[in-house]
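Structural overview for review
Residues per chain, in single letters:
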Amino acid sequence: REPNRFPGLGENLQSSGELLHDFFGLWGREDFSGRDGTGRTVFVYDASCEENDSGVLVMRCPLTGKNVNPFTPTVWRAIHAEFARADALLTQSRSLAELCEPVEDTMGRRSLRA
């Protein structure tokens, strides 16, 4: 292990709820949705991100450069819709139990209940 490579290792002060909210807040953002046919490619080794024309989120392996999550646009939109829904629920201080309720519509058309 390289010294000083991860200087903040072990110093996380965020709660599990804050980490979940940040995760869903990031991946649920509209610019990751692919709705306009524009996707995003994320490079894990340096956290850079660039547009792609696949309409999906592409995560590249830092060793091989291969796409580690090959989704179709329809599947990605369904996953993204759940990320956005989770972010909205957590923003409204809804419970983890509600966040984890089973999905009724598998194609991303599920709406947030009031």
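As shown above, the structure is provided for reference.
Cut-offs and rules
- What you see as residue numbers is a count from 1 along each chain, following the sequence as written.
- In keeping with the model being predicted, local features are shown solely for residues with a pLDDT of at least 70 and side-chain atom pairs are shown and tallied solely at 80 or more, while totals for entire chains, interfaces and linings include all residues.
- Values shown for side chains rest on all heavy atoms present in the structure; no hydrogens or waters enter the calculation.
- Residue burial is assigned from relative accessible area. The probe radius is 1.4 Å, only protein chains are included, and a residue is buried under 20% of its type maximum, exposed over 50%, and partly exposed in between.
- In DSSP terms, a helix is any run of H or I states spanning at least four residues, a strand is any run of E spanning at least two, and both are numbered starting from the N terminus.
- One bridge is not enough; two strands pair if DSSP finds at least two bridges between them.
- Salt bridges are defined by distance alone: a side-chain nitrogen of Lys or Arg within 4 Å of a carboxyl oxygen of Asp or Glu.
- Whenever a nitrogen or oxygen atom comes within 3.5 Å of another N or O atom, the pair is scored as a polar contact, on the condition that within protein one atom can donate a hydrogen and the other can accept it, and that pairs from neighbouring residues in sequence are kept only if both atoms are in side chains.
- The contact criterion used is simple: two residues touch if any of their non-hydrogen atoms lie within 4.5 Å.

Glancing now at the pairing of strand S1 (residues 39-43). Where burial is concerned, most of S1 is hidden: five out of the five residues are buried. Where burial is concerned, the two faces of S1 agree: the one with Gly39, Thr41 and Phe43 and the one with Arg40 and Val42 are both buried. Pairing analysis gives five bridges linking S1 to strand S2 (residues 48-52), with the strands arranged antiparallel. Looking at S2, one finds that Gly39 is bridged to Asn52. Linkage of S1 to S2, two consecutive antiparallel strands, is achieved through a turn of four residues, within which Ala47 is found at a positive phi near 60°. Relative to strand S3 (residues 57-60), S1 runs parallel, the two being bridged by four bridges. Bridge assignment links Phe43 to a residue of S3, and that residue is Arg60.

Applying the stated criterion across every chain yields a total of five salt bridges. Close ionic contact of Glu30 with Arg35 constitutes a salt bridge, the shortest N to O distance being 3.4 Å. For Arg35, a relative accessible area of 48% gives the class partly exposed. One network of salt bridges, with partners in common, ties together Arg29, Asp31 and Arg40.

This brings us to the side chain of Ser33. Within the secondary structure, Ser33 sits in the loop between helix H1 (16-27) and S1. Here Glu30 takes part through its backbone oxygen, which lies 2.9 Å from a polar atom of the side chain of Ser33. At 3.2 Å, the side chain of Ser33 forms a polar contact with the backbone nitrogen of Arg35. Aside from chain neighbours lying at most four places away, what touches Ser33 is Trp76, Arg77 and His80.

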